[in-house]
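# A structural walkthrough
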Amino acid sequence: MDPSQALEMLKNGVPTSWYLTLSALLFSIGVAGFMIRRNIITVFMCIELMLNAVNLSFIAFAHQHKQVSGHLFTFFVMVVAAAEAAVGLAIILTVFKNRSTLNIDEINTLKN
Amino acid sequence: MYKLWLIPALPFIGFLINGIIGRKLPKAVTNLVAVGSVVLAFLWVLFVGNQSNWGATPLHAHYFTWIKSGAVNVGWDYWVDKLTMIMLMVVTGIGSLIHIYATGYMEHEEGYYRFFAYLNLFMFFMLNLVLAGNYLILFVGWEGVGLCSYLLIGFYFVKKSATTAGNKAFIVNRIGDFGFSLAMFLMFTTFGSLNFAKVFAAAPGKPEGILTAIAFLMLLGATGKSAQIPLYVWLPDAMEGPTPVSALIHAATMVTAGVYMCSRSSVIFLHAPMAMEAVALVGLATAVFAATIGLTQYDIKKVFAYSTVSQLGYMFLGVGVGAFSAGVWHLMTHAFFKALLFLGAGSVIHACHGEQDMRHMGGLRKYAPKTMAVLACASLAIAGFPGTSGFFSKDAILTAAYGHAPWMFWVGVVTAGMTAFYVWRAFWMTFWGEYKGHGHPHESPWSMLGPLVVLAILSLFGGVLFNVPKILEGMFPPLHEVEGEGMLMGISIAAGLLGIALSYYMYVVNTELPAKITAALGGLYRLVYDKYRVDEAYDAAVVTPLIEGSKAVLWHGVDQGVIDGAVNGVGYQARGIGGILKLIQSGNIRSYATWIAVGAVALLLALGAGGGVK
Amino acid sequence: MNMLDLVIALPAIGFLIALLIPRAMDNFIRLFALGFSLLTFVVSLTLVMGFQQGAAGQQFVTNVVWIQNPEIHYHVGIDGLSLWLIILSTFLTPIAILLSWNAIQDRAKEYFAFLLLLEFGLVGVFAAWDLFLFYVFWEVVLVPMYFLIGIWGHDRRIYAAVKFFLYTMAGSVLMLAAIIFLYTQAGTFDYASILDQFSTGKIVLTHLQETLLFLAFFLAFAIKVPLFPLHTWLPDAHVEAPTAGSLMLASVMLKMGTYGLVRFCLPMFPTAARENAPWIVILAIIGIVYGALVAMVQPNMKKLVAYSSVSHLGFVVLGIFTFTQAGLDGAVYQMLNHGISTGALFLLVGFLYERRHSLEISSYGGVATAAPWLSILFLITTLASIGLPTLNNFVGEFLVLQGAAQANFTWAVFASLGVILSACYMLWMYQRVFFGELSEEVKHHMPELSLREWACAVPLIFMMLWMGMYSQSFIPIVSEQNAKILHQGKMSSPVRAMAAVQGVNNAR
Amino acid sequence: MPANFAPSSSELLRFSPELILSGAGTLLMILDPFFGKKMPKLFGHLSIVAFILAIFGALAANGDAGPAFSNLLIVDGFATFFRILVLVIGILAVLASYRYLDRENSETSEYHALMLFSVAGQCLMVASNDLIMIFIGLEISSIASYILAGYLRDDKRNNESALKYFLLGSFATGFFLYGIAITYGITASTKLNVIATALNAPGVSLPMIGFAVALMLVGLGFKISGAPFQMWAPDVYQGAPAPVSAFMATAPKAAAFAILLRIFMTSFQQSATLWEPFIWISALASMTIGNFGALTQTNLKRMLAYSSIAHAGYLLVAVAARSEFGTAAAMFYLAAYALMNIGAFGVIIHISGKGEKHVQISDLAGLAQKQPVTAALLTVFLLSLIGVPLTGGFFGKFYIFHAALKANLVWLSVLGLLNSAVAAYYYLRLLVVMYMQEPGEVTNSLEPLTPGLSAALVLPAIGTFFLGILPGAVLTFARSAAIFTR
Amino acid sequence: MDLFFFSLFAFIALICAVNVVLQKHPISSALSLVGVMGSLAVLYLLLGAEFVAMAQVIVYAGAVMVLFIFVIMLLNAGIEEHRGRSWIAKLLGFPAFVALLGLLCWFVQRFFPNTGFVKFGDFTGGGAQEIGYALFTEYLLPFEVTSVLILIAIIGAIVLARKELD
């Protein structure tokens, strides 16, 4: 990055694509977490991370398009996430109640 | 006009009556129906012959279209000319006699009605064969008589040997029929018709190659039906049937169908010299070959069976050298004397309570003099004793053979000598010496003897009464004259007499000699006695490989192994794929998620990056 | 609503009514099924009466729209090709029902209902004139047969039933693909219209397309026929099926395949048919010889007859692909003949089975002593099957071989070997079953034919004789139709060659 | 800022099915304290009434077709078709549930309310014209399904099923959402028709669309259980309560296909060359995995799960044809599929017994001898699943492959049809067990069909035959409905 | 200024996100997630989404995460155990992660390179008033419908977590 560009950036702000890249990185990390974590709750949190990443993209795009609909989208995603969290945690509770484990690898009786 | 259909229809009616309700009929009625239908047919033949100048102007009859498809158009046609007339006379005439004989011979058999039903059915098919106006109708008769032969050989169906012999006869005949039917197909593609008239009219213009092919295929058919090399093997076994059957079917009529067909197709054969040569060679070879086996056999019917094969070889020799009429003549005289020989043998067997081995006979002249007398007539005829029927026809063939190729004549003469020897050997062994069998031998009833007497007369004088070459004059091309005909005749008479004399010496005068000779010949004798082990060779070379191969290679190997193996293998593999899927389907949430991520990566690569590179 | 519709509808109605009859009234169900199938047969005879030879196109046509979009018609009609096959179906169904009278005690209601459903499908297959409708009937046939084998069959019935179903299914899905593809080209399922579009050049297929379409149809039919090497479902199905199932399977269902070849493969894809004929013919001939050789070594009667069917159907396929009038006529006639004679063989084997409860040849022997009439009927059937002249099969085989000889003499030579071999296996079986000493155990289980059995067998025997002696009652209608097929496909060259031969002869 | 809060009456009419259903759901919850103990069946009856009313609502809405709520919703034939389809599935699922809930002694208002909400969500999805609405509808449907899958919370299989479904479903939804975000980024809109136009704008490259499409396909592929996102289906269907499996295998799947079709036939229609190959591969893979996977299964529910994967494959063939006819074919097939699948699951409910102890294929042994009518009904469904003529399944396959061949997808069609021949094998196995084996312990002690379950079996059977013998009516409607406003 | 805030909070968000994934104890993960959410809220503000930023803090970081932590506490979840494993996740997980990361970043860089710059204050359409207006006009339907979603969540909690079925 040459100095003139950097200067311009300071003047104009940060490129939107940086936000988008951040979003992509967070999303990927969320996916990775889903794949490697074994505690169900942590796995669920990784999903939340993914949703947050997407929200960032929405807001970034909304800014780019100068629209409010992206914000609304994020808003609805939050509502959904909240509902999902309630239901998801309830499911996790029942699982734990029946199996006394939160290890995702042990929830594998249905297979083949 | 002449109601030609009535000729085969009469025996057919007899068949239906006896076949369907015969079991419930009294024996007398069965006899009446069986014999009556054939005799009536014979009479009707006489009537037709009388009315139609004995076939001098051929008669045609078309009854209905049998098979029609496109260009193929085969009708149920009859055709009567002089050749047919002779055959009709022989078939119905001898047939009548044998039917009469059989009423006596079969009297105590179980399934009496069945026997006559079959016999009548045989007459029906045989008459169809000779009356046929096209090859396909001829083939109907051809196959039909084969069927009846099968049924009658296996008449004692509880005996395994009998039914096996029946099967053998049918199957070997089928091999011949294979040739015959191919001949018909080729004929149709060549001539566009199977009608005798059309085929014979068109034949001279066709290429020799095709005609030769047709002729060879027909020869194959004929070798099957007429028991020539290489398909003669069924006939000796066919003696498992009741003796009247041997006489009627396996001596007098059916087996001569091949000769009849070749003569009938003379136009084709004459235009196929190579095939003619083949016919002659096959005939000659069969004649010698069968005669040598005949020299060694002890079963009286087997001796006559091989003699039949040998004599049929003569007829083929006649046909092959161009002496069609001589062949047909021998066909007729052979029908007389061979039917007589068999019926006589039947009478002998009857006398000895079913014994067929000549070593357990002997001395029967005391017990069955009438039988001996008629058998003597037949034996003289077959030995070619001057003046007897056999003498004329055999001489005609040998002369023609000389005209064709002298070496054939010489081989024929040697065969004639052997024929005389083995027939008379049988005669001496049966009637001379002391009775060596069991029980008390007895003479046969007149119902059996009557026909024998008629046949004896025909055997003795048939040659004079019916001069076939003269009757058939004009039908076949004349033979060229042969020089020194008288001398040739003398040689053949001498051969016959020599044979008789030798047999008298060996089996009446010096009875120790045969044993010494067989001992001296050793292995060669065993070989001939075992009929050259041809059956065994066929078994080993064809039958066993075919059956075992079908079982091991085709059925278990190809069918169950390869094809079903492949089909089941596909199923097995399919389950295998299912098994792999099971592995992947581990139940682990993280691995599922990983698959989803991998899928997402793949999709991104394919849709985004792939497109991006483009 | 004409008579043909009635023939199609009656079995279906019968099937539905039979389902409603209470299970306990199983004797009534038997009577009902018999009565209904006989009624169907009688009605189907009016088709023969009303059939006008020489009239162009099909007859007894009903053509109404069944499904609007895509337009699928209930279009049925008969021509010379289908008439006899329909009659064959309606003729054999009452016999099959009568045959099963005592043999089927378990779940009789379903059994007889399925037989009626089978008849419905069979008649429909032969009458359908809309490709889609054809396919529908084609599959409808599959279901009752599957159950007939699977429920009322012998020990390995399940394996056999599943194999049967899957084999057929594998072929028919390809046919479905081909049918749909044709529809996308032609815009209609109506067979007449498709043929018309082919002949007027409205549908133009590339060479590859035509070949693939041909193969798709061919494969479906070849499996059904069955052509070597697709035949291995047949022995299993036959052996395991109840007798009536074997009878219907062998007599009519196999004809669906050969019928399809003549009806669809030849007229629609003449070029592909011609191009592929050489290897098809080779397979057919291999089938003839192979089937016969394998039949020869079978220890089981039904299996033997099954392999003999492979051999016989080889003749039919051979005849079809000679593209000659004689070959084609012979092939169609042979379909009928095989239906009658092999049907009769299964029938008689069934009689034996009912007596002795064994299909192994080795457990018989000497039956001729105990039951002479049974053995005589069996003999006649055997003889018909091996092609004895004056019995039906001979006529068909003769024409097929004649056609083969016209097309290529070598084919005729190899195919004729089958004629020899058929005598071997049939006669050997006959000998082992009927001849020889009568053992005690056979003796006690071998009563003579009952009246019901006579009623089953006699019509078949009668037909063997009639068809063998007077083929003119049957062939001309078929011949006329085949001539059209050959003409449509411009396949008549060998026939023209024959005409030329005759012209030469006449000139002389 | 002039604001108009009140929706017009025609907008309300177009939204009436969802209103009715969510209203009914709420009503059930309100009635629970009063009738919960006394009349446990009441809720089921009420929800059936609600479904029927909703069907009328959907029909009425169709009579006044058009957009609603500032174009977020669009009521067209397509929407109506799927609304009615999922509503009918809802009715059948409730009918099939009576016996099950009764046996498990767990008849509650919540179960029915969730069912109603779930169907409401699906109704919303199929009528959405906006990615936001699609997302929300999808979540309503899914979250309700997650809960239903784990309905018997003391049952370990239910737990596991719910957990798997929930975690993986949310995971896939993340991708879907990301795809929506990217689409929004490219086009500045979430309205399907606007997206379609915007994608034609200069500067929008094909790979760019591919980016969005790929991510959306992950989510949608998961919902329809198409390969390679199919793995959850067998586990979840096996573990969930049988009536819920029946419901999940049909209604959410149908709705997911509806949005797949709507999105890809409107927004991404122009970029079809991009996604068609993937659909092609996915179709083939789904059919193959589904069919071959089912071959070795012994558990009925699991087998049907694999079969549903295979059926997703067939449906994807129709999508790959990407024509109006293909769309119509998929619609028809979904209807046929729903009927036969619910029917098949209905029989499983019937035989499974308390605690779903008997869900093995071998448990069907001899059913035909003990309960011929039940066996006959299952036979109808199985034959339809195989694709034997005169059943709906056959015409469904026929239309799909017709569409495929029209689109020149020759090899896909051939492979697909061959696949359906493979499929015949495992369906036949059930017939074999039912008809050709002697009755076992399970069938011997089987109780007769209850009225509700009978209805849940007979109605689909009638429907299957109707679609198989007179498919014209449904297909004609589907064809007229398959034209989207772009 | 923008660059500074962006860099700082992006960095924090990333670190926290990685921490969410790497921490073995769920509580640590949860707290890290709160960190991610908080950072994101700041970024939202930078992007002009005032309302969403607030909602992010209140609803997400507040309510939802509290729920998480509550459940973690309730279940007394400790450091995760390593029983059982997934070969697929082990073998393909990391490559899939790397590939996904690479692809997503590559896409974003390739297809959205010139999407303008974000300067705080450029866009002011994200206030509560604008949001509220949109929610009650154009987005009335989803807004109302989400109520159903919440209702479902409540019912779900009842169904799954209430004491005993009777």
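Residues numbered from 1 in each chain as written. Chains lettered and ligands numbered in written order. Predicted model: local features only at pLDDT ≥ 70, side-chain atom pairs only at ≥ 80, totals over all residues. Heavy atoms only, no water.

## Topic: the pattern of salt bridges
- In total, this model carries 33 salt bridges over all chains according to the counting rule given.
- The salt bridge partner of Arg533(B) is Asp530(B), with a shortest N-O separation of 3.3 Å.
- Under the relative-accessibility criterion, Arg533(B) is labelled partly exposed at 37%.
- As a salt-bridge pair, Lys164(D) and Glu160(D) come within 2.8 Å of each other at their nearest N and O atoms. Note that Lys164(D) and Glu160(D) are positioned in helix α7 (residues 156-187) at a spacing of four residues, about one turn of the helix.
- On the basis of relative accessibility, which here comes to 0%, the residue Lys164(D) falls in the buried class.
- Each of Arg99(A), Glu160(D), Lys164(D), Asp235(D) and Arg302(D) takes part in a single network of salt bridges with overlapping partners. (Salt bridge = Lys/Arg side-chain N within 4 Å of Asp/Glu carboxyl O. Buried < 20%, exposed > 50% of the residue type's maximum accessible area, 1.4 Å probe, protein only. Helix = DSSP H or I, 4+ residues; strand = E, 2+ residues; numbered from the N terminus.)

## Looking at unusual backbone geometry
- In this chain, Ile229(B) is followed by Pro230(B) through a cis amide linkage whose omega measures 10°.
- Relative to the helices and strands, Pro230(B) resides in the loop between α8 (208-225) and α9 (234-237).
- Pro226(C) follows Val225(C) through a cis peptide bond whose omega is -10°.
- Within the element layout of this structure, Pro226(C) appears in the loop between α8 (207-224) and α9 (233-240).
- The phi dihedral of Ser225(D) is positive, around 50°, even though this residue is not glycine.
- Within the element layout of this structure, Ser225(D) appears in the loop between α9 (206-223) and α10 (232-239).
- Even without glycine at this site, Arg322(D) takes up a positive phi of about 35°.
- Counting through the fold element by element, Arg322(D) comes out in the loop between α14 (300-321) and α15 (324-352).

## Overview of the nonpolar core
- Of all hydrophobic cores here, the largest spans 775 residues; its most connected members are Tyr135(B), Ile268(B), Phe217(C), Phe321(C), Leu167(D) and Phe175(D).
- It is α15(D) that provides the largest number of residues to this core, a total of 21 residues.
- The residues contacting Phe321(C), other than those within four sequence positions of it, are Phe214(C), Phe218(C), Leu261(C), Leu266(C), Ala273(C), Ala277(C), Ile280(C), Val281(C) and Trp411(C).
- One finds Ala280(B), Leu398(B), Ala400(B) and Met408(B) within the second-largest nonpolar core, a separate group that totals 19 residues. (Core = buried A, V, L, I, M, F, W, Y, C linked by side-chain atoms within 4.5 Å. Contact = heavy atoms within 4.5 Å.)

## Let's talk about the packing of helix α18 (residues 389-404) of chain B against helix α20 (residues 446-465) of chain B
Residues and elements named next belong to chain B.
- Contact pair α18 / α20: the axes reach a minimum separation of 6 Å and the direction vectors enclose 45°. Taken as axis vectors, α18 and α20 run oblique relative to one another. Of the residues in α20, those touching α18 at Ser389, Gly390 and Phe392 are Leu458, Ser459, Leu460, Gly462, Gly463 and Val464.
- Of the residues that constitute the contact of α18 with α20, the class distribution is four nonpolar, five polar and no charged. (Axes fitted to C-alpha atoms, helices over the stretch in contact; angles between N-to-C directions. Parallel < 35°, antiparallel > 145°, perpendicular 65-115°, else oblique. Nonpolar A, V, L, I, M, F, W, Y, C, P; charged D, E, K, R; others polar.)

## Some words on the interface of chain A and chain E
- If you look at the interface, chain A gives 75 residues, while chain E gives 82 residues.
- Surface buried jointly by chain A and chain E totals about 7100 Å² across both partners, of which 77% is contributed by carbon and sulfur atoms.
- At the junction of chain A with chain E, the criterion picks out four residue pairs in polar contact (both at pLDDT 80 or more).
- Looking at the side of chain A that touches chain E, the elements with two or more residues in it are α1 (3-12), β1 (14-15), α2 (16-36), α3 (40-65) and α4 (69-99) of chain A.
- Looking at the side of chain A that touches chain E element by element, the count peaks at 22 residues for α4(A).
- Here the residues of the side of chain A that touches chain E sort into 48 nonpolar, 20 polar and seven charged. (Buried area = accessible area lost by both parts, 1.4 Å probe. Polar contact = N/O pair within 3.5 Å; in protein donor to acceptor, adjacent residues only side chain to side chain.)

## Side note on the interface of chain D and chain C
- At the interface, 37 residues of chain D touch 33 residues of chain C.
- Linking chain D with chain C are zero salt bridges.
- Here chain D is connected to chain C by four residue pairs in polar contact (both at pLDDT 80 or more).
- Here the residues of the side of chain D that touches chain C sort into 29 nonpolar, six polar and two charged.

## Re the environment of Lys470(B)
- On the secondary structure map, Lys470(B) appears in helix α21 (residues 468-471).
- On a C-alpha basis, the gap between Lys470(B) and Leu281(B) in space is 26 Å, while along the polypeptide they are 189 residues apart.

## Digging into the arrangement of the chains
- Sorting the eight pairs of chains in contact by contact count puts chains A and E at the top.
- The least C-alpha distance between chain A and chain C, which are not in contact, is 25 Å.
- Over all C-alpha pairs, chain C and chain E never come within contact, reaching a minimum spacing of 35 Å.

## Digging into the state of the cysteines
- Going through the model one piece at a time under the given rule, you end up with zero disulfides over all chains.
- Of all cysteine sulfurs, the one in Cys16(E) lies closest to Cys46(A), which takes part in no disulfide; the gap is 14 Å. (Disulfide = S-S within 2.5 Å.)

## Focus: the confidence of the model for chain A
- Confidence in the prediction for chain A averages 87 pLDDT; 94% of positions are at 70 or higher.
- Highest mean pLDDT in chain A belongs to α3(A) (91); lowest belongs to α1(A) (70). (pLDDT = per-residue confidence, 0-100.)

## Describing a nonpolar patch on the surface
- There is a patch of nonpolar side chains on the surface, built from Leu45(E), Met54(E), Val57(E), Ile58(E), Val59(E) and Phe120(E) and spanning about 530 Å² of accessible area.
- Of the residues forming the nonpolar patch, the biggest block, four residues, is contributed by helix α3 (residues 50-75) of chain E. (Patch = residues over 30% accessible without salt bridge, like charges linked within 9 Å, V, L, I, M, F, W, Y side chains within 5 Å. Areas by Shrake-Rupley, 256 points an atom, 1.4 Å probe, with all protein chains shown as cover.)

## A short note on helix α2 (residues 16-35) of chain D
- With 20 residues, α2(D) should reach 28 Å at 1.5 Å per residue; the first-to-last C-alpha distance of 26 Å fits that figure.
- At Met29(D), α2(D) is bent by approximately 25°, the largest bend along its length, and proline Pro33(D) sits one to four residues beyond.
- Looking only at α2(D), the buried set comprises Ser16(D), Pro17(D), Glu18(D), Leu21(D), Ser22(D), Ala24(D), Gly25(D), Leu28(D) and Leu31(D).
- Along its buried surface, α2(D) packs onto α1 (9-14), α3 (42-63), α4 (77-104) and α5 (109-127) of chain D together with α6 (140-161) of chain E. (Expected span 1.5 Å × (residues − 1). Bend = angle between axes of the 7 residues up to and from the residue.)

## Quick word on the pairing of strand β1 (residues 59-69) of chain B
Residues and elements named next belong to chain B.
- Across eight bridges, the pairing between β1 and strand β2 (residues 72-80) is antiparallel. Within β2, the residue paired with His62 across the bridge is Asp77.
- Taking the residues that link successive antiparallel strands as the turn, the β1-β2 hairpin has two residues, and the phi of Gly70 there is positive, at about 60°. (Pairing = 2+ DSSP bridges.)

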